[in-house]
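Structural features, examined
For reference, the chains in residue letters:
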Amino acid sequence: MTASPSRSGVFQAATDKRLEAFGESISFDYRLYQHDIRGSIAHARMLAAQGLISNDEFSQIEVALIEIESEISAGRMVFRPELEDIHMHIESALIERLGDVGRKLHTARSRNDQVNTDFRLWIRDALDRIDGLLADLQRAFLGRCEQDFEIIVPAYTHMQRAQPVLAAHYWLCYIEKLARDRSRLSDCRRRVNVCGLGAAACAGTTLPIDRHLVARELGFEGVAGNSLDVSSDRDFVLESAFVLALIAGHLSGWAEEWILWSTVEFGFIKLPHQFCTGSSIMPQKVNPDTLELTRGKSARVIGNLQTLLVLVKGLPLAYNRDLQEDKPALFDSFETVQACLELAVPIVEGAQLQKLSISSRLDQGYLDATTLMEHLIAKGLPQRTAHHLVGKLVGIAQQSGARLADLSEEQLKSASPDLDIAIRQVLGVEKAVKAYQSYGSSCPDQVRKQILYWSEQLQ
Ligand code: ARG
(Lines give C-alpha, C1' and ligand atoms only; values in the text may rest on other atoms or scores of the structure.)
Protein backbone atom coordinates (compact mmCIF):
# COMPACT_ATOMS: atom_id res chain seq x y z
CA MET A 1 0.00 0.00 0.00
CA THR A 2 1.31 3.47 -0.89
CA ALA A 3 2.03 5.62 2.14
CA SER A 4 0.86 9.20 2.05
CA PRO A 5 3.74 11.48 0.96
CA SER A 6 2.55 14.03 3.50
CA ARG A 7 3.30 11.79 6.53
CA SER A 8 6.84 12.73 7.49
CA GLY A 9 9.28 10.93 9.79
CA VAL A 10 7.69 12.58 12.80
CA PHE A 11 4.76 10.16 12.91
CA GLN A 12 5.02 7.25 15.33
CA ALA A 13 1.73 5.59 14.43
CA ALA A 14 -0.09 4.81 11.24
CA THR A 15 -3.27 6.77 10.49
CA ASP A 16 -6.37 5.34 12.09
CA LYS A 17 -8.62 3.88 9.39
CA ARG A 18 -11.50 5.93 10.73
CA LEU A 19 -9.60 9.15 10.14
CA GLU A 20 -8.74 7.99 6.63
CA ALA A 21 -12.39 7.52 5.84
CA PHE A 22 -13.39 10.70 7.67
CA GLY A 23 -10.77 12.94 6.13
CA GLU A 24 -10.64 11.78 2.52
CA SER A 25 -11.70 14.20 -0.17
CA ILE A 26 -10.73 12.14 -3.21
CA SER A 27 -14.35 11.01 -3.58
CA PHE A 28 -15.21 14.56 -4.67
CA ASP A 29 -11.98 16.44 -5.43
CA TYR A 30 -10.97 13.93 -8.16
CA ARG A 31 -12.80 16.46 -10.34
CA LEU A 32 -9.73 18.71 -10.03
CA TYR A 33 -7.29 16.26 -11.62
CA GLN A 34 -6.79 18.03 -14.94
CA HIS A 35 -6.31 21.37 -13.26
CA ASP A 36 -3.96 19.88 -10.66
CA ILE A 37 -1.82 18.45 -13.44
CA ARG A 38 -1.83 21.71 -15.36
CA GLY A 39 -0.77 23.55 -12.22
CA SER A 40 1.96 21.01 -11.47
CA ILE A 41 3.42 21.21 -14.96
CA ALA A 42 3.53 25.01 -14.75
CA HIS A 43 5.11 24.78 -11.30
CA ALA A 44 7.73 22.26 -12.48
CA ARG A 45 8.55 24.35 -15.56
CA MET A 46 9.18 27.32 -13.27
CA LEU A 47 11.35 25.18 -10.94
CA ALA A 48 13.48 24.28 -13.97
CA ALA A 49 13.64 27.89 -15.18
CA GLN A 50 14.86 28.88 -11.71
CA GLY A 51 17.47 26.11 -11.57
CA LEU A 52 15.68 24.32 -8.71
CA ILE A 53 15.37 21.18 -10.85
CA SER A 54 17.14 20.33 -14.13
CA ASN A 55 15.52 20.62 -17.54
CA ASP A 56 15.75 16.87 -17.89
CA GLU A 57 13.96 16.39 -14.59
CA PHE A 58 11.25 18.80 -15.75
CA SER A 59 10.79 16.80 -18.97
CA GLN A 60 10.44 13.56 -17.04
CA ILE A 61 7.91 15.13 -14.69
CA GLU A 62 5.91 16.62 -17.56
CA VAL A 63 5.74 13.36 -19.51
CA ALA A 64 4.79 11.37 -16.41
CA LEU A 65 2.09 13.85 -15.38
CA ILE A 66 0.53 13.72 -18.85
CA GLU A 67 0.51 9.92 -18.62
CA ILE A 68 -1.11 10.09 -15.21
CA GLU A 69 -3.76 12.42 -16.59
CA SER A 70 -4.63 9.91 -19.32
CA GLU A 71 -4.73 7.14 -16.75
CA ILE A 72 -7.24 9.07 -14.63
CA SER A 73 -9.28 10.11 -17.69
CA ALA A 74 -9.51 6.46 -18.70
CA GLY A 75 -10.72 5.56 -15.21
CA ARG A 76 -7.63 3.45 -14.59
CA MET A 77 -6.42 5.10 -11.39
CA VAL A 78 -7.68 3.41 -8.25
CA PHE A 79 -8.55 6.03 -5.65
CA ARG A 80 -7.52 5.22 -2.07
CA PRO A 81 -8.76 7.02 1.01
CA GLU A 82 -5.33 6.75 2.63
CA LEU A 83 -4.01 9.13 -0.03
CA GLU A 84 -6.65 11.68 1.03
CA ASP A 85 -7.04 13.90 -1.97
CA ILE A 86 -6.38 14.27 -5.67
CA HIS A 87 -3.14 16.16 -5.05
CA MET A 88 -1.60 13.26 -3.13
CA HIS A 89 -2.89 10.68 -5.59
CA ILE A 90 -1.17 12.42 -8.46
CA GLU A 91 2.04 13.06 -6.54
CA SER A 92 2.20 9.45 -5.34
CA ALA A 93 1.66 8.18 -8.88
CA LEU A 94 4.48 10.47 -10.01
CA ILE A 95 6.84 9.20 -7.32
CA GLU A 96 5.92 5.61 -8.20
CA ARG A 97 7.01 6.31 -11.76
CA LEU A 98 10.00 8.59 -11.25
CA GLY A 99 11.31 7.94 -7.72
CA ASP A 100 13.49 10.82 -6.49
CA VAL A 101 12.73 13.01 -9.49
CA GLY A 102 9.04 12.74 -8.59
CA ARG A 103 9.90 13.64 -5.01
CA LYS A 104 11.16 17.03 -6.24
CA LEU A 105 7.84 18.30 -7.66
CA HIS A 106 6.56 19.56 -4.33
CA THR A 107 9.58 21.90 -3.93
CA ALA A 108 8.44 25.37 -2.77
CA ARG A 109 4.82 24.31 -2.79
CA SER A 110 2.27 23.29 -0.18
CA ARG A 111 -1.07 21.63 -0.68
CA ASN A 112 -2.52 24.87 0.68
CA ASP A 113 -1.47 26.99 -2.29
CA GLN A 114 -1.90 23.99 -4.59
CA VAL A 115 -5.55 23.41 -3.73
CA ASN A 116 -6.25 27.12 -3.93
CA THR A 117 -4.73 27.24 -7.42
CA ASP A 118 -6.37 24.06 -8.70
CA PHE A 119 -9.76 25.20 -7.48
CA ARG A 120 -9.35 28.63 -9.08
CA LEU A 121 -8.43 26.99 -12.40
CA TRP A 122 -11.40 24.64 -12.15
CA ILE A 123 -13.82 27.43 -11.22
CA ARG A 124 -12.54 29.62 -14.05
CA ASP A 125 -13.44 26.91 -16.58
CA ALA A 126 -16.75 26.18 -14.86
CA LEU A 127 -17.72 29.87 -14.88
CA ASP A 128 -16.98 29.97 -18.61
CA ARG A 129 -19.17 26.91 -19.15
CA ILE A 130 -22.05 28.50 -17.24
CA ASP A 131 -21.59 31.74 -19.14
CA GLY A 132 -21.88 29.88 -22.44
CA LEU A 133 -25.11 28.22 -21.30
CA LEU A 134 -26.54 31.53 -20.07
CA ALA A 135 -25.83 32.98 -23.52
CA ASP A 136 -27.57 29.98 -25.12
CA LEU A 137 -30.60 30.59 -22.93
CA GLN A 138 -30.62 34.29 -23.82
CA ARG A 139 -30.55 33.32 -27.51
CA ALA A 140 -33.41 30.88 -26.96
CA PHE A 141 -35.54 33.69 -25.48
CA LEU A 142 -34.45 36.07 -28.25
CA GLY A 143 -35.48 33.48 -30.85
CA ARG A 144 -38.98 33.49 -29.35
CA CYS A 145 -39.28 37.29 -29.64
CA GLU A 146 -39.74 37.14 -33.43
CA GLN A 147 -42.03 34.15 -33.45
CA ASP A 148 -44.27 35.52 -30.68
CA PHE A 149 -44.05 39.18 -31.64
CA GLU A 150 -47.76 39.65 -32.39
CA ILE A 151 -48.90 38.01 -29.17
CA ILE A 152 -50.14 40.17 -26.30
CA VAL A 153 -50.23 38.71 -22.80
CA PRO A 154 -51.28 40.13 -19.45
CA ALA A 155 -48.54 41.38 -17.14
CA TYR A 156 -49.26 40.66 -13.49
CA THR A 157 -48.44 42.34 -10.24
CA HIS A 158 -49.43 40.57 -7.03
CA MET A 159 -50.48 37.78 -9.44
CA GLN A 160 -53.44 39.97 -10.45
CA ARG A 161 -53.93 41.06 -14.04
CA ALA A 162 -52.20 44.42 -14.38
CA GLN A 163 -51.47 45.75 -17.87
CA PRO A 164 -51.14 44.23 -21.34
CA VAL A 165 -47.63 43.64 -22.74
CA LEU A 166 -46.12 41.96 -25.76
CA ALA A 167 -45.04 38.39 -25.04
CA ALA A 168 -41.65 39.49 -26.37
CA HIS A 169 -41.48 41.90 -23.44
CA TYR A 170 -41.47 38.89 -21.11
CA TRP A 171 -38.71 37.22 -23.12
CA LEU A 172 -36.61 40.38 -23.12
CA CYS A 173 -37.13 40.63 -19.38
CA TYR A 174 -35.47 37.22 -18.92
CA ILE A 175 -32.69 38.21 -21.31
CA GLU A 176 -31.96 41.23 -19.09
CA LYS A 177 -31.88 39.16 -15.91
CA LEU A 178 -29.56 36.62 -17.52
CA ALA A 179 -27.35 39.45 -18.78
CA ARG A 180 -26.89 40.66 -15.20
CA ASP A 181 -26.09 37.09 -14.17
CA ARG A 182 -23.43 37.00 -16.86
CA SER A 183 -21.99 40.32 -15.84
CA ARG A 184 -21.79 39.20 -12.19
CA LEU A 185 -20.15 36.04 -13.38
CA SER A 186 -17.48 37.85 -15.37
CA ASP A 187 -16.84 40.21 -12.46
CA CYS A 188 -16.45 37.23 -10.15
CA ARG A 189 -14.13 35.60 -12.70
CA ARG A 190 -11.70 38.53 -12.42
CA ARG A 191 -11.22 37.85 -8.73
CA VAL A 192 -11.05 34.09 -9.28
CA ASN A 193 -8.37 34.56 -11.93
CA VAL A 194 -5.51 35.33 -9.55
CA CYS A 195 -2.58 32.98 -8.93
CA GLY A 196 -1.99 31.70 -5.42
CA LEU A 197 0.73 29.19 -6.28
CA GLY A 198 4.03 29.95 -4.61
CA ALA A 199 2.44 31.21 -1.40
CA ALA A 200 3.48 27.78 -0.10
CA ALA A 201 2.03 26.82 3.29
CA CYS A 202 1.32 30.33 4.60
CA ALA A 203 4.51 32.42 4.70
CA GLY A 204 6.09 32.02 1.28
CA THR A 205 9.37 30.20 0.66
CA THR A 206 13.11 30.75 1.07
CA LEU A 207 13.67 29.17 -2.35
CA PRO A 208 14.13 31.49 -5.37
CA ILE A 209 10.83 30.85 -7.18
CA ASP A 210 9.19 33.05 -9.83
CA ARG A 211 5.50 33.30 -9.09
CA HIS A 212 4.80 35.61 -12.01
CA LEU A 213 6.10 33.05 -14.45
CA VAL A 214 3.70 30.42 -13.08
CA ALA A 215 0.82 32.88 -13.19
CA ARG A 216 1.47 33.74 -16.84
CA GLU A 217 1.83 30.08 -17.75
CA LEU A 218 -1.59 29.33 -16.21
CA GLY A 219 -3.31 32.32 -17.79
CA PHE A 220 -3.91 34.10 -14.49
CA GLU A 221 -4.36 37.85 -14.65
CA GLY A 222 -2.57 38.57 -11.41
CA VAL A 223 -0.54 37.12 -8.55
CA ALA A 224 -2.00 37.07 -5.04
CA GLY A 225 -0.13 39.60 -2.93
CA ASN A 226 -0.10 37.95 0.49
CA SER A 227 0.81 34.35 1.25
CA LEU A 228 -1.32 34.17 4.42
CA ASP A 229 -4.27 35.36 2.40
CA VAL A 230 -3.81 32.61 -0.22
CA SER A 231 -3.56 29.94 2.44
CA SER A 232 -6.75 31.04 4.16
CA ASP A 233 -8.76 32.51 1.33
CA ARG A 234 -11.88 30.97 -0.17
CA ASP A 235 -13.93 34.06 -0.85
CA PHE A 236 -13.65 33.30 -4.57
CA VAL A 237 -15.55 30.09 -3.78
CA LEU A 238 -18.27 31.95 -1.89
CA GLU A 239 -18.61 34.56 -4.57
CA SER A 240 -19.04 31.88 -7.22
CA ALA A 241 -21.65 30.17 -5.04
CA PHE A 242 -23.49 33.48 -4.72
CA VAL A 243 -23.51 34.11 -8.46
CA LEU A 244 -24.83 30.58 -8.98
CA ALA A 245 -27.50 31.05 -6.29
CA LEU A 246 -28.82 34.12 -8.11
CA ILE A 247 -28.88 32.23 -11.40
CA ALA A 248 -30.74 29.38 -9.72
CA GLY A 249 -33.16 31.95 -8.30
CA HIS A 250 -33.83 33.42 -11.73
CA LEU A 251 -34.37 29.96 -13.20
CA SER A 252 -36.66 29.03 -10.36
CA GLY A 253 -38.83 32.13 -10.89
CA TRP A 254 -39.07 31.41 -14.60
CA ALA A 255 -39.90 27.75 -13.92
CA GLU A 256 -42.65 28.73 -11.51
CA GLU A 257 -44.13 31.12 -14.05
CA TRP A 258 -44.22 28.54 -16.83
CA ILE A 259 -45.63 25.91 -14.48
CA LEU A 260 -48.52 28.29 -13.85
CA TRP A 261 -48.80 29.24 -17.50
CA SER A 262 -49.05 25.57 -18.48
CA THR A 263 -52.06 24.91 -16.24
CA VAL A 264 -55.61 24.64 -17.62
CA GLU A 265 -56.41 27.67 -15.47
CA PHE A 266 -53.93 29.83 -17.39
CA GLY A 267 -53.72 27.91 -20.66
CA PHE A 268 -50.92 30.19 -21.88
CA ILE A 269 -48.24 27.72 -22.87
CA LYS A 270 -47.72 24.16 -24.04
CA LEU A 271 -44.48 22.64 -22.80
CA PRO A 272 -42.47 20.31 -25.04
CA HIS A 273 -43.55 16.79 -24.12
CA GLN A 274 -40.04 15.40 -24.13
CA PHE A 275 -39.44 17.39 -20.94
CA CYS A 276 -42.69 16.43 -19.20
CA THR A 277 -43.77 13.25 -17.44
CA GLY A 278 -47.04 11.35 -17.16
CA SER A 279 -49.04 10.08 -14.22
CA SER A 280 -49.16 6.39 -13.36
CA ILE A 281 -52.90 6.61 -12.68
CA MET A 282 -54.33 9.68 -14.45
CA PRO A 283 -53.99 9.20 -18.20
CA GLN A 284 -54.67 12.83 -19.08
CA LYS A 285 -51.74 14.23 -17.08
CA VAL A 286 -48.71 15.94 -18.61
CA ASN A 287 -46.65 17.10 -15.69
CA PRO A 288 -44.02 19.86 -15.85
CA ASP A 289 -41.44 17.92 -13.81
CA THR A 290 -38.38 19.50 -15.40
CA LEU A 291 -39.60 22.94 -14.38
CA GLU A 292 -40.61 21.73 -10.92
CA LEU A 293 -37.17 20.22 -10.41
CA THR A 294 -35.53 23.41 -11.66
CA ARG A 295 -37.53 25.26 -9.00
CA GLY A 296 -36.78 22.58 -6.40
CA LYS A 297 -33.07 22.27 -7.10
CA SER A 298 -32.60 26.00 -6.53
CA ALA A 299 -33.03 25.15 -2.84
CA ARG A 300 -29.80 23.13 -2.92
CA VAL A 301 -27.91 25.88 -4.69
CA ILE A 302 -29.10 28.50 -2.20
CA GLY A 303 -28.35 26.08 0.66
CA ASN A 304 -24.80 25.58 -0.62
CA LEU A 305 -24.17 29.31 -0.36
CA GLN A 306 -25.39 29.22 3.23
CA THR A 307 -23.12 26.23 3.93
CA LEU A 308 -20.11 28.12 2.63
CA LEU A 309 -20.89 31.31 4.53
CA VAL A 310 -21.11 29.36 7.76
CA LEU A 311 -18.02 27.31 6.88
CA VAL A 312 -15.66 30.29 6.73
CA LYS A 313 -17.23 32.26 9.55
CA GLY A 314 -14.77 32.59 12.41
CA LEU A 315 -11.84 30.67 10.89
CA PRO A 316 -8.51 32.00 12.14
CA LEU A 317 -5.59 32.49 9.73
CA ALA A 318 -4.36 30.68 7.80
CA TYR A 319 -5.24 27.26 6.30
CA ASN A 320 -7.64 25.13 8.33
CA ARG A 321 -8.83 21.73 7.23
CA ASP A 322 -12.42 22.94 7.47
CA LEU A 323 -11.78 24.51 4.08
CA GLN A 324 -11.84 21.11 2.43
CA GLU A 325 -15.60 21.18 2.97
CA ASP A 326 -15.92 23.99 0.44
CA LYS A 327 -15.71 21.63 -2.49
CA PRO A 328 -18.81 19.43 -2.21
CA ALA A 329 -20.92 22.57 -1.87
CA LEU A 330 -19.50 24.41 -4.84
CA PHE A 331 -19.25 21.36 -7.12
CA ASP A 332 -22.90 20.69 -6.39
CA SER A 333 -23.90 24.28 -7.15
CA PHE A 334 -22.08 24.26 -10.48
CA GLU A 335 -23.37 20.85 -11.50
CA THR A 336 -26.93 21.64 -10.50
CA VAL A 337 -27.06 25.01 -12.26
CA GLN A 338 -25.42 23.53 -15.34
CA ALA A 339 -27.99 20.73 -15.50
CA CYS A 340 -30.86 23.21 -15.06
CA LEU A 341 -29.53 25.46 -17.83
CA GLU A 342 -28.96 22.56 -20.20
CA LEU A 343 -32.65 21.67 -19.93
CA ALA A 344 -33.94 25.24 -19.82
CA VAL A 345 -32.61 25.98 -23.32
CA PRO A 346 -34.60 23.30 -25.20
CA ILE A 347 -37.69 23.97 -23.09
CA VAL A 348 -37.62 27.67 -23.99
CA GLU A 349 -37.02 26.79 -27.64
CA GLY A 350 -39.72 24.14 -27.79
CA ALA A 351 -42.60 25.62 -25.79
CA GLN A 352 -45.61 26.96 -27.68
CA LEU A 353 -47.65 29.96 -26.61
CA GLN A 354 -51.38 29.17 -26.77
CA LYS A 355 -52.31 32.19 -28.84
CA LEU A 356 -56.07 31.64 -28.98
CA SER A 357 -56.49 30.72 -25.37
CA ILE A 358 -54.55 33.83 -24.34
CA SER A 359 -56.32 36.26 -26.65
CA SER A 360 -59.80 34.94 -25.90
CA ARG A 361 -59.46 36.16 -22.31
CA LEU A 362 -57.47 39.36 -22.76
CA ASP A 363 -60.68 41.33 -22.30
CA GLN A 364 -60.91 40.08 -18.75
CA GLY A 365 -59.31 41.89 -15.85
CA TYR A 366 -59.49 45.49 -17.14
CA LEU A 367 -55.95 45.47 -18.51
CA ASP A 368 -56.73 48.78 -20.30
CA ALA A 369 -57.79 50.68 -17.14
CA THR A 370 -54.40 52.33 -16.61
CA THR A 371 -54.26 53.41 -20.26
CA LEU A 372 -57.65 55.08 -19.86
CA MET A 373 -56.49 56.80 -16.71
CA GLU A 374 -53.39 58.12 -18.49
CA HIS A 375 -55.56 59.28 -21.40
CA LEU A 376 -57.60 61.37 -18.95
CA ILE A 377 -54.41 62.72 -17.35
CA ALA A 378 -53.16 63.76 -20.79
CA LYS A 379 -56.46 65.62 -21.20
CA GLY A 380 -55.73 67.61 -18.05
CA LEU A 381 -57.25 65.65 -15.16
CA PRO A 382 -55.07 65.39 -12.00
CA GLN A 383 -53.73 61.84 -11.61
CA ARG A 384 -55.59 61.12 -8.37
CA THR A 385 -58.89 62.34 -9.87
CA ALA A 386 -58.44 60.22 -13.00
CA HIS A 387 -57.39 57.21 -10.88
CA HIS A 388 -60.52 57.52 -8.78
CA LEU A 389 -62.79 58.02 -11.78
CA VAL A 390 -61.51 55.01 -13.73
CA GLY A 391 -61.81 52.91 -10.57
CA LYS A 392 -65.44 53.96 -10.42
CA LEU A 393 -65.96 52.99 -14.08
CA VAL A 394 -64.38 49.58 -13.44
CA GLY A 395 -66.81 49.17 -10.53
CA ILE A 396 -69.78 49.96 -12.78
CA ALA A 397 -68.54 47.63 -15.52
CA GLN A 398 -67.91 44.81 -13.05
CA GLN A 399 -71.58 44.85 -11.99
CA SER A 400 -72.66 43.63 -15.41
CA GLY A 401 -69.48 41.74 -16.28
CA ALA A 402 -68.84 44.25 -19.05
CA ARG A 403 -65.60 45.64 -20.48
CA LEU A 404 -64.80 49.34 -20.13
CA ALA A 405 -65.44 49.63 -23.89
CA ASP A 406 -68.98 48.30 -23.38
CA LEU A 407 -70.07 51.14 -21.03
CA SER A 408 -72.89 53.26 -22.42
CA GLU A 409 -72.83 57.02 -22.74
CA GLU A 410 -75.28 57.08 -19.85
CA GLN A 411 -73.11 54.95 -17.60
CA LEU A 412 -70.08 57.08 -18.41
CA LYS A 413 -71.95 60.28 -17.65
CA SER A 414 -73.16 58.83 -14.38
CA ALA A 415 -69.50 58.61 -13.31
CA SER A 416 -68.54 62.02 -14.69
CA PRO A 417 -70.45 64.44 -16.94
CA ASP A 418 -67.19 65.11 -18.85
CA LEU A 419 -66.97 61.53 -20.16
CA ASP A 420 -68.44 60.21 -23.40
CA ILE A 421 -68.01 57.20 -25.64
CA ALA A 422 -65.07 58.87 -27.42
CA ILE A 423 -62.91 57.23 -24.74
CA ARG A 424 -63.49 53.92 -26.56
CA GLN A 425 -60.76 55.04 -28.98
CA VAL A 426 -58.11 54.30 -26.38
CA LEU A 427 -59.60 51.11 -24.98
CA GLY A 428 -58.70 47.51 -25.73
CA VAL A 429 -55.39 45.74 -25.18
CA GLU A 430 -54.01 46.33 -28.71
CA LYS A 431 -54.46 50.09 -28.40
CA ALA A 432 -53.17 50.04 -24.83
CA VAL A 433 -49.95 48.32 -25.90
CA LYS A 434 -49.42 50.70 -28.83
CA ALA A 435 -49.98 53.71 -26.57
CA TYR A 436 -46.94 53.06 -24.35
CA GLN A 437 -44.22 55.57 -25.08
CA SER A 438 -41.59 55.46 -22.38
CA TYR A 439 -38.11 54.01 -22.81
CA GLY A 440 -38.08 50.33 -21.83
CA SER A 441 -41.87 50.02 -22.08
CA SER A 442 -43.79 47.37 -24.00
CA CYS A 443 -44.87 49.35 -27.08
CA PRO A 444 -43.91 47.59 -30.33
CA ASP A 445 -41.33 50.27 -31.23
CA GLN A 446 -39.50 50.02 -27.93
CA VAL A 447 -39.62 46.24 -27.98
CA ARG A 448 -38.26 46.18 -31.54
CA LYS A 449 -35.36 48.37 -30.41
CA GLN A 450 -34.61 46.03 -27.53
CA ILE A 451 -34.74 43.00 -29.81
CA LEU A 452 -32.31 44.69 -32.18
CA TYR A 453 -30.00 45.61 -29.33
CA TRP A 454 -29.91 42.06 -27.97
CA SER A 455 -29.54 40.54 -31.45
CA GLU A 456 -26.35 42.54 -31.81
CA GLN A 457 -25.14 41.71 -28.29
CA LEU A 458 -25.78 38.01 -28.63
CA GLN A 459 -24.32 37.45 -32.10
N1 ARG B 1 -7.73 18.28 0.51
C2 ARG B 1 -7.28 19.47 1.15
C3 ARG B 1 -8.31 20.60 0.97
O4 ARG B 1 -9.12 20.55 0.13
C5 ARG B 1 -5.98 19.89 0.58
C6 ARG B 1 -5.19 20.78 1.46
C7 ARG B 1 -4.64 20.02 2.60
N8 ARG B 1 -3.69 20.81 3.33
C9 ARG B 1 -3.32 20.43 4.54
N10 ARG B 1 -2.48 21.21 5.14
N11 ARG B 1 -3.75 19.34 5.11
O12 ARG B 1 -8.32 21.55 1.72
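The following paragraphs examine the structure supplied in this document. (Residues numbered from 1 in each chain as written. Predicted model: local features only at pLDDT ≥ 70, side-chain atom pairs only at ≥ 80, totals over all residues. Heavy atoms only, no water.)

With that settled, the discussion passes to the overall build of the protein chain. The number of helices and strands found in the protein chain is 18 helices and 6 strands. In terms of overall dimensions, the protein chain has C-alpha extents of about 100 × 55 × 40 Å along its principal axes. For the protein chain, with 459 residues in total, the buried portion stands at 48%. Of the contacts made within the protein chain by residues no fewer than 6 positions apart, 74% connect residues no fewer than 24 positions apart. Of note, the protein chain has its 49 positive side-chain charges centred 3 Å away from the centre of its 59 negative side-chain charges. (Helix = DSSP H or I, 4+ residues; strand = E, 2+ residues; numbered from the N terminus. Buried < 20%, exposed > 50% of the residue type's maximum accessible area, 1.4 Å probe, protein only. Contact = heavy atoms within 4.5 Å. Lys, Arg positive; Asp, Glu negative; His and termini not counted. Charge placed at Lys NZ, Arg CZ, Asp CG, Glu CD.)

Next up on the list: helix H3 (residues 33-49). Counted at 1.5 Å a residue, the expected span for H3 with its 17 residues is 24 Å, and the 24 Å between its end C-alpha atoms agrees. Among the residues trailing H3, Gly51 stands out with phi positive, at a value near 75°. (Expected span 1.5 Å × (residues − 1).)

Right, let's talk about the pattern of salt bridges for a bit. Summed over the entire model, instances satisfying the criterion amount to 29 salt bridges. Glu84 is the salt-bridge partner of Arg111, the closest N and O atoms lying 2.9 Å from each other. Of this pair, Arg111 sits in helix H6 (residues 111-147) while Glu84 sits in the loop between helix H4 (55-73) and helix H5 (86-98), and the two are 27 residues apart along the sequence. Taking relative accessible area as the criterion, Arg111 reaches 23% and is therefore assigned partly exposed. Classification of Glu84 as buried rests on a relative accessible area of 18%. For Arg403, the salt bridge is made with Asp406, and the minimal N-O distance between the two is 2.9 Å. For Arg403, a relative accessible area of 35% gives the class partly exposed. (Salt bridge = Lys/Arg side-chain N within 4 Å of Asp/Glu carboxyl O.)

With an omega of -5°, the peptide bond between Leu317 and Ala318 qualifies as cis. The residue Ala318 is located in the loop between helix H11 (289-312) and helix H12 (326-350) in this model. Positioned with a positive phi, Ala200 is a non-glycine residue whose angle comes to about 60°. On the secondary structure map, Ala200 appears in the loop between strand S3 (194-195) and helix H8 (211-217).

Let's shift gears to H4. Taking 1.5 Å of rise per residue, the 19 residues of H4 would be expected to cover 27 Å, and the 27 Å separating its terminal C-alpha atoms lies within 8% of that figure. Inspection of H4 places Glu57, Phe58, Ile61, Ala64, Leu65, Ile68, Glu71 and Ile72 among the buried residues, and these make up the whole buried set. Projected onto a plane normal to the axis of H4, the buried residues spread over an arc of 145° and lie on a single side. Summarising the contacts, the buried residues of H4 are in contact with H3 and H5. Count one or two residues on from H4 and you reach Gly75, which has phi positive near 75°. (Arc of directions from axis to C-beta.)

It is worth spelling out the nonpolar core at this point. One recurring pattern in soluble globular proteins: nonpolar side chains tend to sit buried together. Core analysis: the largest hydrophobic core is formed by 116 residues, its most contacted members being Ile123, Phe141, Trp254 and Trp258. For this core, the leading source of residues is helix H10 (residues 235-261), giving 15 residues. Among the nonpolar cores identified, the runner-up in size contains 21 residues, and Tyr366, Ala405, Ala415 and Val426 belong to it. (Core = buried A, V, L, I, M, F, W, Y, C linked by side-chain atoms within 4.5 Å.)

Now for the site of the ligand. Every residue lining the ligand is accounted for by Ser25, Asp85, Arg111, Asn112, Val115, Tyr319, Gln324 and Lys327. In the model, a nitrogen atom of the ligand is placed 2.9 Å from a nitrogen or oxygen of the Gln324 side chain. In the environment of the ligand, an oxygen atom lies 2.7 Å from a nitrogen or oxygen atom belonging to the side chain of Lys327. When the free accessible area of the ligand is taken as 340 Å², the share hidden by the protein chains comes to 86%. With 3 residues, H6 is the largest single contributor of residues to the shell around the ligand. For the shell around the ligand, a count of residues per class yields 2 nonpolar, 3 polar and 3 charged. (Near = heavy atom within 4 Å. Polar contact = N/O pair within 3.5 Å; in protein donor to acceptor, adjacent residues only side chain to side chain. Areas by Shrake-Rupley, 256 points an atom, 1.4 Å probe, with all protein chains shown as cover. Nonpolar A, V, L, I, M, F, W, Y, C, P; charged D, E, K, R; others polar.)

Let us look at the side chain of Gln450. Along the chain, the position of Gln450 falls in helix H18 (residues 444-457). The exposure class of Gln450 is buried, given its relative accessible area of 14%. Those residues in contact with Gln450 that lie beyond four places of it in its chain are His169, Leu172, Gly440 and Ser441.

Quick look at the state of the cysteines now. Between two cysteines, a covalent bond joining their sulfur atoms is known as a disulfide. With the rule as written, the count across this model stands at 0 disulfides. Cysteine Cys195 remains unbridged, with the sulfur of Cys188 as its closest cysteine sulfur at 17 Å. The class of Cys195 is buried, set by a relative accessible area of 0%. (Disulfide = S-S within 2.5 Å.)

This part takes up the environment of Gly253. Structurally, Gly253 can be placed in helix H10. Along the chain, Gly253 and Arg295 lie 42 residues apart, while their C-alpha atoms are 7.2 Å from each other.

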